[in-house]
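# Observations on the model geometry
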Amino acid sequence: AAVDCSVFPDAQQQSECYKDNAIKAKNPLDCPKATIPEVRDTCYSAIAAAISEITLCAKVNGEISRTACFNAFAGTQTSNAACEKLAGGEKEYCIENLARLLSNASSCELAGSRKDPCYKGVAVKLGQYVTCLKIADVKIADSCLHDAGVAGQDSSACGKVSIEAGKNTCYYDV
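Because the structure is a prediction, the values reported are computed rather than measured.

### Considering the nonpolar core
Counting 39 residues, the largest nonpolar core has I54, F70 and C132 as the members making the most contacts within it. Counting residues per element, the ones that place at least two in this core are helix 2 (37–51), helix 3 (63–74), helix 4 (88–102), helix 5 (115–126) and helix 6 (138–151). Ranked by the residues each element gives to this core, the list is headed by helix 4, at five residues.

### Here we look at the environment of Q77
One can find Q77 in the loop between helix 3 and helix 4. Sequence-wise, Q77 and E63 are 14 residues apart; in three dimensions their C-alpha atoms are separated by 21 Å. Leaving out residues up to four positions away in the same chain, Q77 has contacts with A82, L98 and L102.

### Some points on the packing of aromatic side chains
Tallied over the entire structure, the rule returns zero aromatic pairs. Taking NZ or CZ as reference, R66 lies 5.6 Å from the ring centre of Y93, over its face.

### Side note on the state of the cysteines
Under the defined criterion, the tally for this structure stands at seven disulfides. Residue pairing for C31: its cysteine sulfur links by disulfide to C43, the two sulfurs lying 2.1 Å apart. Judged by the sign of its S-S torsion, about -75 degrees, the cystine formed by C31 and C43 is left-handed. Placement of C31 in the loop between helix 1 (11–25) and helix 2 and of C43 in helix 2 is noted, with a sequence separation of 12 residues between them. Residue C31 shares its accessibility class with C43, and that shared class is buried. Between C132 and C144 runs a disulfide, and the two sulfur atoms are separated by 2.0 Å. The sign of the S-S torsion, about -70 degrees, decides the handedness of the disulfide formed by C132 and C144: left-handed. Of the two residues, C132 is situated in the loop between helix 5 and helix 6 and C144 in helix 6; the sequence distance between them amounts to 12 residues.

Here is what the cut-offs are and how they apply
Residues numbered from 1 in each chain as written. Predicted model: local features only at pLDDT ≥ 70, side-chain atom pairs only at ≥ 80, totals over all residues. Heavy atoms only, no water. Core = buried A, V, L, I, M, F, W, Y, C linked by side-chain atoms within 4.5 Å. Buried < 20%, exposed > 50% of the residue type's maximum accessible area, 1.4 Å probe, protein only. Helix = DSSP H or I, 4+ residues; strand = E, 2+ residues; numbered from the N terminus. Contact = heavy atoms within 4.5 Å. Phe/Tyr/Trp six-rings, centres within 6.5 Å; stacked < 30°, edge-to-face > 60°. Lys NZ or Arg CZ within 6 Å of the ring centre and 35° of its normal. Disulfide = S-S within 2.5 Å.

So this is what it looks like as structure tokens:
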């Protein structure tokens, strides 16, 4: 049976109690009772993984916690199907995270406004600067070329950086 969380004297203990009750029951409807944001985020994340319901990750407010929730979920996925349950920015964010985890640059085409950061994430993970050449935003592309060049120990990426100072930094770092 669920513990009566109202007996705890402070918000932290009550929130932990509500979270524990929700996780044991696999009931996300109890997560909002946790008034401490980090505890509530943990509640949604744990239940999202337990019941394979990615839409719960969209309820996580903290960006780092939300990314962790999507990553934990995406780690069990092999396609964008779960991301399709989400809408707008959350869907794009999900596709970006999944593409990066699976090292699948072609999925970045579906990431909408997150397409450029998606390409960068995949390129850097693989240490292959060629993916950076698909990026429209010059600043993100230059950053990608630098980071992917460093990751892959490939100085040829540096020659593609658009500004001279950036090229020099890249050559130095690689």
